[in-house]
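# Structural description and commentary
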Amino acid sequence: MTDLAIPFFGDKSHISIDRKFRLIRKWKATDAAVGDGLRLRKGLLDRSNTALDVWTDTAYQSKANEAFMEKQGFVSKVHRKKPHLKPIPRHIQRSNAGKSVIRSHVEPLFADQKSQIGLFVRRVGITLAIMRVGLANIVYNMRRVIFLRRISATM
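Overview of the structure.

The rules behind these values
Residues numbered from 1 in each chain as written. Predicted model: local features only at pLDDT ≥ 70, side-chain atom pairs only at ≥ 80, totals over all residues. Heavy atoms only, no water. Helix = DSSP H or I, 4+ residues; strand = E, 2+ residues; numbered from the N terminus. Buried < 20%, exposed > 50% of the residue type's maximum accessible area, 1.4 Å probe, protein only. Pairing = 2+ DSSP bridges. Contact = heavy atoms within 4.5 Å. Salt bridge = Lys/Arg side-chain N within 4 Å of Asp/Glu carboxyl O.

## Some words on unusual backbone geometry
A positive phi angle is found at Arg-22, which is not glycine, with a value near 60°. Note on placement: Arg-22 falls in the loop between strand E2 (11-17) and strand E3 (24-31). Overall, Arg-22 belongs to the partly exposed group, its relative accessible area being 28%. The phi dihedral of Leu-85 falls on the positive side, at around 60°, and the residue is not glycine.

And the structure:
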C-alpha cells in the first residue's frame, strides 16, 4: 500500500508502507512546492511490497501516473477527483469511500509521528528536513516492530 504526503511547514513526507505489517518501506521528503504526482514516479513504489496495489489520494491522479503504474505492473487504487463544477457521481463516491477504508490505515502513522515522535520540522533547508523525517520514520518502524513482536508473542 502506498499513501503519501504529510505536509509540515514548507516540506512534505511521502511514504510507501507495507500493507500487511504497516512498516514504512520507502520514503521521500520534499519541498511542499513540488507536485505530489511526481513522487509516485520517482522511486517511491516498491515491486517487492506485499501488494502491488497503490492507494493514494487525488493529488496523485494523472494520466501519466496511471500509465506508469500500468506499465510497471501496479494496480491503481487512486481516489478519483470530483468533476469540475459538477456533483460527484454516486459510483465514484462509493468507489472513493471503499478506497478510504484501506487508506485510513496509514493515517495513524502520520498521527503517531506528530504526537508520539514529535515530528515538527522547524529547520531551514531541505537537508535538515530530510534528516528529521528519516529519523522519525526509523523510530516509527522500530516501535512498530516491537508492537508486532508483542502481538505474536501473545498468540
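Next comes the rest of the description.
## Remarks on the pairing of E2
With seven of its seven residues buried, E2 lies for the most part within the structure. Sheet topology note: the E2/E3 ladder contains seven bridges and is antiparallel. Of the residues in E3, the one forming a bridge with Ser-13 is Ala-29.

## Here we look at the environment of Lys-26
Looking at where Lys-26 falls in the secondary structure, it is placed in strand E3. Relative accessible area serves as the criterion here: at 29%, Lys-26 is assigned to the partly exposed category. Filtering out sequence-adjacent residues up to four positions away, Lys-26 remains in contact with His-14, Ile-15, Ser-16, Gly-43, Leu-44, Leu-45 and Asp-46.

## Focus: the pattern of salt bridges
For the structure shown, the criterion picks out four salt bridges. For Arg-25, the salt bridge is made with Asp-46, and the minimal N-O distance between the two is 3.1 Å. A residue pair is termed long-range when its members are at least 10 positions apart, and Arg-25 in strand E3 and Asp-46 in the loop between helix H1 (36-44) and strand E4 (53-54) qualify at 21 residues. Note on Arg-25: relative accessible area 32%, which makes it partly exposed. On the basis of relative accessible area, Asp-46 is assigned to the buried category, the value being 13%. Across the pair Asp-57 and Arg-103 runs a salt bridge, and its minimum N-O distance is 4.0 Å. A residue pair is termed long-range when its members are at least 10 positions apart, and Asp-57 in the loop between E4 and helix H2 (63-72) and Arg-103 in helix H3 (residues 90-103) qualify at 46 residues. By relative accessible area, Arg-103 is classed as buried at 11%. Three or more residues joined by partner-sharing salt bridges are found here, namely Asp-18, Arg-25 and Asp-46.

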